[in-house]
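Spelled out from the first residue to the last, the chains are:
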Amino acid sequence: MFASAFFIYTMHLDSLKLTSFRNFETLQLTPSAGINVLHGKNGSGKSNLLEAIFVLCLGRSQRGNKDGDIIKNEQDSYRVEGTMHDGDRSIEIAVAVMRRGRKQITINGVKSKALELYERFSVVAAGPEDSEILAGPPSVRRLFLNLYISQQSTKYLENITKYSRILSQKNAALKENIEFDSYNYLLAETGAKIIIARQLFLKTLNKSAGSFYSKFSNNGELDIKYKPSALEEIEFEVDESRIKEQFEARLNEVKEQEMILKTSIVGPHRDEIEFDINSFPARTHGSQGEWRSAAIALKLSVYELLKEKRGFSPILLLDEIFAELDESRSAAVIDSFNDLGQLFLTTALEPPARLAQKALYLNIDSGQVEVVR
Amino acid sequence: MFKSAASVERLANQLARLPGIGRKSASRLTFHILKMSKDEANDIAEAIKEVKEKVGFCTTCYNISESDPCFVCSDNRRNQEIICVVEDSSDAAAMDRAEGFNGMFHVLGGCLSPLDGIGPDDLKIKELMTRLKDDIKEVIIATNPDVEGEATAVYLSKLIKPMSIKVTRIARGLPVGSDLEYADSATLSRALEGRQEF
Ligand SMILES: Nc1ncnc2c1ncn2[C@@H]1O[C@H](COP(=O)(O)OP(=O)(O)O)[C@@H](O)[C@H]1O
Ligand SMILES: [Mg+2]
Ligand SMILES: [Zn+2]
């Protein structure tokens, strides 16, 4: 019963090749379209391999780090190449970054924008660092929003990109004492669209993450509240032109303050999400166990949401997830998978038996990968 | 080690100063020029010299021109009450090819970009304001549809609106991030027709 309707073979990674990527000199890999278990000692490069798959799918790392950090120490560039299988088509992707240079993305040999990767592929990554979404600085929460809303709507990605360009221009204007009203107008226009997208995303996420969390935590409660920096109170009904007006009014209020500080202090780049666990703010009151359960609940909700939106199963990357959860929580997580596509999971220990049955086993040691069984 | 002649080096260095030409393209062009006949190469050199001798700026609209005022500013069959504001001369040429526009131009000489140190004083904005004191009914802002072009458009509209002049922005029939210069005439005509008031 468990194995039959478990997989749908849609989009998946057929082959992967890394060059000078983190601890890997060169690496070639032919994963299974189903479950892949990456086994290996601490520090062997399991998390790095998952990162490489993420980079191949979206042209950037899921971690908030710079591309330069990814390049293998003492090398000048990295390269991730792979073949993605999508229905009956094979798509060749390559992402290359030089230490002093631009990122180059090619799809089937044609130079492409990252946006085109977001249009075609989808990937969800969960790992130990996800506790930071609940307990870390606000920038981690905004990165979470940007990475996953962009996979629902490339319009959002365009707006984020545009917003950050406007913001850089405004900050430069503030530093040089140039008139910046026109940037406020544009920030409000683009920002209103971002605020609405975030509001809708978090509203949906709140429902499903709440029910996942309750399963993983013996009926614990998780509540997600969006705190847009531009507005006092975001209403249930979202009206773009009203939000734009309120945001612009707020920008006018802080105008003098911004001139003194010489930086922009209001807008989506300062947004917050508040997570409450059992009615207390998770960041200040939560335990590590609660953060972990909440983080995995968030990521599985995102996975389900994207699957529904995109009509196929995203590639799922689970980094040491089961090591962090006790047996009953692990079982609850495994039970919550349905229509699983391609999965990569890392573990220093044996994976849960139910996942192990159908999996391809890969052993990582000193930068090399070997198929075990 | 092979070392190229000083004159070859000099030409490559000069070509590399052009926008969009890197080291590699510059040396490719240099070797191409070396293979040309003397006459062909002279034609290029002469054309560059002539353009610098003959072409200057129109002191009304700041478009490049061989005469001052330029042929647009001195053509009284054109509608003198509408001014189309563009970033560069090439944009003015593109707008002029588009059907449906028969007014005057004003070339800003770029767009606002504090990141590159370009503020309002670096553009021909004061000069535009002076022109608006005459009987102008409408200003069409046709800056590029990127962040810098849009910011320039918003900036101008905030300046002009209090003067009770109609300010419009050409519609975004243009693909995002594209340059006006490369848009075809039909696209530009549609963008012009669908222009919206600020
Ligand atoms: N840019 C880099 N160049 C070389 N090695 C790197 C780079 N970035 C990380 N590493 C190495 O990768 C190893 C960590 O790999 P990781 O994937 O986190 O291991 P695992 O998840 O298997 O525990 C560390 O030994 C670290 O030094
Ligand atoms: Mg790891
Ligand atoms: Zn003129």
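Worth saying up front: this structure is predicted, and the values here are computed from it rather than measured.

It is worth spelling out the environment of Ala-332 of chain A at this point. Residues and elements named next belong to chain A. Within the element layout of this structure, Ala-332 appears in helix α13 (residues 327–336). Along the backbone, Ala-332 and Ile-93 are 239 residues apart, and their C-alpha atoms lie at a distance of 35 Å. Not counting residues up to four positions away in its chain, the partners in contact with Ala-332 are Lys-215 and Phe-216.

Quick look at the side chain of Glu-87 of chain B now. Residue and element names in this part refer to chain B. Its place among the elements puts Glu-87 in the loop between β3 (82–86) and α4 (89–97). Buried charged residue Glu-87 carries no salt bridge. Nearest counter-charge: Arg-169, at 6.8 Å. Polar side-chain contacts of Glu-87 include one of 3.0 Å to the backbone nitrogen of Asn-144. Once residues lying within four places of it in the same chain are set aside, the contact partners of Glu-87 are Val-107, Leu-108, Gly-109, Gly-110, Cys-111, Thr-143, Asn-144 and Gly-149.

What follows concerns the packing of helix α5 (residues 138–152) of chain A against helix α11 (residues 288–310) of chain A. Helix-helix packing is described using two parameters, namely the angle between the two axes and the distance between the axes. Residue and element names in this part refer to chain A. With their axes 9 Å apart at the nearest point, α5 and α11 run at an angle of 20° to one another. Considering the angle they form, α5 stands roughly parallel to α11. When α5 is examined against α11, the residues Phe-144, Tyr-148, Gln-151 and Gln-152 are found in contact with a partner set consisting of Leu-298, Lys-299, Val-302, Leu-305, Leu-306, Lys-309 and Arg-310.

Before going further, it helps to examine the coordination of the zinc ion (ligand 3). All names here are of chain B. Here the zinc ion (ligand 3) is held by the protein donor atoms Cys-58 (SG), Cys-61 (SG), Cys-70 (SG) and Cys-73 (SG), which lie 2.3 to 2.4 Å from it. Written as a sequence motif, the donor arrangement for the zinc ion (ligand 3) is C-x2-C-x8-C-x2-C. Separated by twelve residues along the polypeptide, Cys-61 in the loop between β1 (56–57) and β2 (64–65) and Cys-73 in the loop between β2 and β3 bring together distant segments of the chain. Taken individually, Cys-61 and Cys-73 each receive the classification buried, so the pair is uniform in this respect.

What follows deals with the site of ligand 1. Residues and elements named next belong to chain A. Lining the immediate surroundings of ligand 1 are 15 residues, of which Gly-43, Lys-46, Ser-47, Asn-48 and Asn-73 lie closest. Contact distances for ligand 1 include 2.9 Å between a nitrogen atom and a backbone N or O atom of Asp-69. For the shell around ligand 1, the secondary structure elements donating two or more residues are α1 (46–58) and α2 (67–70). Here the element with the most residues in the shell around ligand 1 is α1; it accounts for three residues. For the shell around ligand 1, the residue count by class is two nonpolar, eight polar and five charged.

Turning our attention to unusual backbone geometry. That bond from Asp-68 of chain B to Pro-69 of chain B is cis: its omega, 0°, falls within 30 degrees of zero. Within the secondary structure layout, Pro-69 of chain B lies in the loop between β2 and β3. One non-glycine residue, Arg-22 of chain A, lies in the positive phi region at around 50°. Residue classification places Arg-22 of chain A among the buried positions, given a relative accessible area of 17%.

Attention now goes to the interface of chain A and chain B. With 17 residues of chain A in contact, the opposing surface of chain B contributes 16 residues. The contact between chain A and chain B buries some 1400 Å² in all, and 67% of this surface belongs to carbon and sulfur atoms. Here chain A is connected to chain B by two salt bridges. The partner of Arg-165 of chain A in a salt bridge is Glu-148 of chain B, with the nearest N and O atoms 2.6 Å apart. On the surface where chain A and chain B come into contact, there are five residue pairs in polar contact (both at pLDDT 80 or more). Where the side of chain A that touches chain B is concerned, the elements lending two or more residues are α6 (154–175) and α7 (181–216) of chain A. The leading source of residues in the side of chain A that touches chain B is α6 of chain A, at seven residues.

This next bit is on the environment of Ile-70 of chain A. Residue and element names in this part refer to chain A. Relative to the assigned elements, Ile-70 resides in helix α2. For Ile-70 and Phe-21, which are 49 residues apart along the polypeptide, the C-alpha to C-alpha distance reads 6.0 Å. Residues within four places of Ile-70 in sequence aside, it is in contact with Ser-20, Phe-21, Arg-22, Glu-51, Ser-61, Asn-65 and Tyr-78.

For the rest of this paragraph, the subject is the environment of Ala-294 of chain A. All names here are of chain A. Positionally, Ala-294 belongs in helix α11. Sequence separation of Ala-294 and Gly-210 is 84 residues, and the distance between their C-alpha atoms is 8.7 Å. Ala-294 has contacts with Leu-134, Tyr-213, Leu-222 and Ile-277, leaving out every residue within four places of it along the chain.

Calculation criteria
Residues numbered from 1 in each chain as written. Chains lettered and ligands numbered in written order. Predicted model: local features only at pLDDT ≥ 70, side-chain atom pairs only at ≥ 80, totals over all residues. Heavy atoms only, no water. Helix = DSSP H or I, 4+ residues; strand = E, 2+ residues; numbered from the N terminus. Contact = heavy atoms within 4.5 Å. Buried < 20%, exposed > 50% of the residue type's maximum accessible area, 1.4 Å probe, protein only. Lys, Arg positive; Asp, Glu negative; His and termini not counted. Salt bridge = Lys/Arg side-chain N within 4 Å of Asp/Glu carboxyl O. Polar contact = N/O pair within 3.5 Å; in protein donor to acceptor, adjacent residues only side chain to side chain. Axes fitted to C-alpha atoms, helices over the stretch in contact; angles between N-to-C directions. Parallel < 35°, antiparallel > 145°, perpendicular 65-115°, else oblique. Donors = N, O, S within 2.8 Å, 3.2 Å for Na, K, Ca; no water. Near = heavy atom within 4 Å. Nonpolar A, V, L, I, M, F, W, Y, C, P; charged D, E, K, R; others polar. Buried area = accessible area lost by both parts, 1.4 Å probe.

Fair warning: the whole summary comes from geometry, so function is off the table for now.
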